[in-house]
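As a plain string of letters, each chain reads:
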Amino acid sequence: MAPSAQSLPTSVSDEKYANVKWEELGFGFYRTDNMYVAKCKHGESFQEGKIVPYADLQISPCSAVLNYGQGLYEGLKAYRTEDGRIVLFRPDQNALRLQSGASRLCMPYPTVEQFVSAVKQVVLANKKWIPPPGRGTLYIRPIMFGSGPILGSLPVPEYTFTVFACPVGRYHKDNAGLNLKIEDKFRRAFPSGTGGVKSITNYSPVWITLAEAKEQGFSDVLFLDAATGKNVEELFASNVFIVKGNVVSTPEISGTILPGVTRKSVIELTRDFGYEVEERVVPVEDLLDAEEVFCTGTAAIVTTIASVTFKEKKTGFKTGDKTLAAKLFATLTDIQMGRVEDKKGWIVELTDATKPGLKL
C-alpha cells in the first residue's frame, strides 16, 4: 500500500506531498501511484494510451522482450522549482533517442508529441511524489518492448509502451569525487552493436564487472573500446569528459557510445564558458594526462571524478569548487530548478489539464 499524503512546509503553500523522508531519499525504486500504458499491434501505429494504477504487467512467457531482449528504456526527471512550478528538462531529446533505438530494434514508436504527453501525464498523476525543491527529483522511466509472443522469427504481434516514475535523490552522493576502475577485460559495447541506443541488453552483461569493482571499493567502472582496448568510452551509465587547459574532450558518438541528453547540454554550456570542446577518440593516455575528469548523465548530472585506477596504478585529478565540473553542475541545476532564466528553451513547464490555464 502506498504511503498517504502529508503537508510539508515549503515555499509552495498548501502543496500535498507523499509521506516520504525526503532527506533519506536515495537513487532506487520507490512505488508511486500511477503509470501510463499504450499498446500497438504489428503494422499499426501507437495510439493514445491511458493512466492506470501502478501494477505489475501481465506478459506472455513467449514475449519478444523475455525471449530475445527486444526492449528499450529512457530516463528523465521532473523538477519542482522554488517558485512552485513543475518542469521537465528537454523531454523531446529523450523521445528522439527512443525513436532511434526503436528503429534499431525493429519496433514501432510513439511520436515525439505522444512521448512527451505520456511523460507529462505520469508526472501530473504522481504529483505528490515530486520531492520539495532541493530534496530530490521525480525520476521518469519510459519503457518500450515487444510484448507479443514470438518464437523464431518476425513479426512481433504486439508492442507495449509504458512510463512509470519514482522519487530519487542523488545517484552519486560522494561529494569528494568518484574513484573509478578502468575495466580492461570486459567490454560494454561493440561496433555495429547496440551501445549507441538504450537497449535493455546493454546493462546486465556488465553488472559482473561493476559488482566486482564496487567490492574492491571503486565507485564505478570506465569501459574501453572493444576494437582496440586502448580508448575510453563511457561509464556504466554516464558519459565521460576530460579537461586539459582550455580544451575539453569527450569520446565521439560512433555507435558504441550513448548520445546522452546531459552530455549534449554540457557540451553547449562548456562552449558558452569559452572552452574548446572536442568530440574525438580519447586514448587512455589522454585521460591519465588530464587535469580534470568528470561524468554526465540524467542520474549523475555532472559528477567529478577524483581518480581512476588502470592496471593497478591510481591517477588523481583536480576536484573541488573551482573545477569546471562544479561550474557546470551549478549552471545546469540552476536551469533545471528554475533558479535562473532558461535562455536555451530546454525547460518544459507542465500545465494541469484538470485546471485550464493553470501552470504548475
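Residue numbers here run from 1 along each chain, matching the order of that chain's written sequence. Per-residue local features of the predicted model are confined to residues with pLDDT of at least 70, and side-chain atom pairs are confined, for both listing and counting, to 80 or more; whole-chain, interface and lining totals are unaffected and use all residues. Each side-chain value is derived from all of the structure's non-hydrogen atoms; neither hydrogens nor water enter the calculation.

- In the annotation of an unreviewed UniProt entry, the protein is listed under the name Branched-chain-amino-acid transaminase and assigned to Eruca vesicaria subsp. sativa.
- UniProt positions are given in the numbering used here, feature names are shortened, and annotations may be inferred rather than shown by experiment. The Cofactor (unreviewed entry) comment attached to the protein in UniProt states, word for word, "pyridoxal 5'-phosphate".
- Taken verbatim from the UniProt record of the protein, the Sequence similarities (unreviewed entry) comment is "Belongs to the class-IV pyridoxal-phosphate-dependent aminotransferase family."

### Section: helix H2 (residues 91-104)
- What counts as a helix is a DSSP run of H or I of at least four residues, what counts as a strand is a run of E of at least two, and both are numbered from the N terminus. Any helix carries an expected span of 1.5 Å times its number of residues minus one. Counted at 1.5 Å a residue, the expected span for H2 with its 14 residues is 20 Å, and the 20 Å between its end C-alpha atoms agrees.
- Taken together, the buried positions of H2 are Pro91, Gln93, Asn94, Ala95, Arg97, Leu98, Gln99, Gly101 and Ala102.
- Two residues or fewer past H2, cysteine 106 is found with a positive phi of approximately 60 degrees. Three exposure classes are used, based on accessible area relative to the maximum for each residue type with a 1.4 Å probe and protein chains only: buried under 20%, partly exposed in between, and exposed over 50%.

### Describing the confidence of the model for the protein
- Values of pLDDT, ranging from 0 to 100, describe the predictor's confidence in every residue of the model. In the predicted model, the protein carries a mean pLDDT of 93, and 93% of its residues have values of at least 70.
- Here, two residues are considered to be in contact whenever any of their heavy atoms come within 4.5 Å of each other. Note on residues 1-14: pLDDT under 50 across the span, and 33 contacts to partners over four residues away in sequence or across chains.
- Across residues 353-360 the pLDDT falls below 50, and counting only partners more than four positions away or on other chains, this stretch makes 14 contacts in the model.

### Section: the packing of helix H5 (residues 261-272) against helix H7 (residues 324-336)
- Across the interface, H5 lies against H7 with an axial gap of 11 Å and an inter-helix angle of 110 degrees. The angle between H5 and H7 falls in the class roughly perpendicular. The crossing of H5 and H7 is right-handed. Touching Thr262, Ser265, Val266, Leu269 and Thr270 of H5 are Leu324, Leu328, Thr331, Leu332 and Ile335, all from H7.
- Side-chain classes follow a simple rule in which Ala, Val, Leu, Ile, Met, Phe, Trp, Tyr, Cys and Pro form the nonpolar group, Asp, Glu, Lys and Arg form the charged group, and the remainder, Gly included, forms the polar group. Its residues assigned to classes, the contact of H5 with H7 shows 6 nonpolar, 4 polar and no charged. To define axes, lines are fitted to C-alpha atoms, for helices over the stretch in contact only, and angles between the resulting N-to-C directions are given on a 0 to 180 degree scale. Orientation is classified from the angle alone, with under 35 degrees giving roughly parallel, over 145 giving roughly antiparallel, 65 to 115 giving roughly perpendicular, and any other angle giving oblique. The handedness criterion is simple: a crossing whose near helix is rotated anticlockwise from the far helix by less than a right angle is left-handed, and one whose near helix is rotated clockwise is right-handed.

### Thoughts on helix H3 (residues 112-125)
- With 14 residues, H3 extends 20 Å from end C-alpha to end C-alpha; this agrees with the ideal 20 Å at 1.5 Å per step.
- Buried within H3 we find Val112, Gln114, Phe115, Val116, Ala118, Val119, Val122 and Val123.

### Quick look at the UniProt feature "modified residue: N6-(pyridoxal phosphate)lysine" (unreviewed entry) in the protein
- Within this numbering scheme, the UniProt entry marks Lys198 as carrying the feature "modified residue: N6-(pyridoxal phosphate)lysine" (unreviewed entry).
- Tracing the chain through its elements places lysine 198 in the loop between strand E10 (178-183) and helix H4 (207-215).
- Given a relative accessible area of 11%, lysine 198 falls into the buried group.
- Filtering out sequence-adjacent residues up to four positions away, lysine 198 remains in contact with Gly71, Leu72, Tyr73, Glu74, Arg97, Tyr203 and Leu258.

### Considerations on empty space enclosed by the protein
- The way it works is a 1 Å grid over only the protein atoms, where trapped points that fit a 1.4 Å probe form a cavity and open points with protein on both sides within 12 Å along at least five of seven lines form a pocket, and then any residue with an atom within 4 Å of a point lines it. Grid points are joined across faces, edges and corners, and a volume is the space filled by probe spheres set on the points. If you walk through the whole model with that rule in mind, you get 2 cavities of 30 Å³ or more.
- The computed volume of the largest cavity comes to approximately 100 Å³.
- Forming the boundary of the largest cavity are Gly75, Leu76, Lys77, Tyr79, Phe89, Asn94, Val261, Thr262, Gly297, Thr298, Ile301 and Gln336.
- For the lining of the largest cavity, the elements supplying multiple residues, two or more each, are strand E6 (76-80) and H5.
- Considering each element in turn, the lining of the largest cavity owes the most residues, 3 residues, to E6.
- Residue composition of the lining of the largest cavity, by class: 5 nonpolar, 6 polar and 1 charged.
- Within this model, the second largest cavity holds a volume of roughly 30 Å³.
- Contributing to the lining of the second largest cavity are Tyr171, His172, Asp220, Ala237, Ser238, Ala299 and Ala300.

### Topic: the environment of arginine 85
- Looking at the element boundaries, arginine 85 is found in the loop between E6 and strand E7 (86-89).
- Each C-alpha atom of the pair arginine 85 and cysteine 106 lies 38 Å from the other, and the pair is 21 residues apart in sequence.
- Pairs of N or O atoms are called polar contacts if they sit within 3.5 Å, as long as, within protein, a hydrogen donor faces a hydrogen acceptor (for residues adjacent in sequence, only side-chain-to-side-chain pairs). A polar contact of 3.1 Å, which involves the side chain of arginine 85, links it to the side chain of aspartate 83.

### Re the pattern of salt bridges
- Throughout this description, the term salt bridge denotes a Lys or Arg side-chain nitrogen within 4 Å of a carboxyl oxygen of Asp or Glu. All told, the structure shown has 16 salt bridges when counted by the stated rule.
- Residues aspartate 33 and lysine 128 are paired through a salt bridge, measuring 3.4 Å at the closest nitrogen-oxygen approach. In this pair, aspartate 33 is assigned in the loop between strand E2 (16-18) and strand E3 (34-41) and lysine 128 in the loop between H3 and strand E8 (137-146), connecting sequence segments 95 residues apart.
- Exposure remark for lysine 128: the relative accessible area of 23% places this residue in the partly exposed category.
- Put simply, arginine 85 and glutamate 349 hold a salt bridge, and the shortest N to O gap is 3.6 Å. In this pair, arginine 85 sits in the loop between E6 and E7 while glutamate 349 sits in strand E19 (residues 347-349), placing the two residues 264 residues apart along the sequence.

### Side note on the pairing of E8
- Burial analysis of E8 places 8 of its 10 residues in the buried class, which makes it a mostly covered element.
- Any two strands with at least two DSSP-identified bridges between them are counted as paired. In this structure, strand E5 (residues 71-73) lies alongside E8, joined through 3 bridges in antiparallel fashion. Note that in E8 the partner of glycine 71 across the bridge is phenylalanine 145.
- Alignment of E6 against E8, held across 3 bridges, turns out to be antiparallel. Within E8, the position partnered with lysine 77 by the bridge is tyrosine 139.
- Inspection of the sheet shows E8 paired to strand E9 (residues 158-168) by 10 bridges, in the antiparallel sense. Following the sheet pairing, methionine 144 is matched in E9 by phenylalanine 161.

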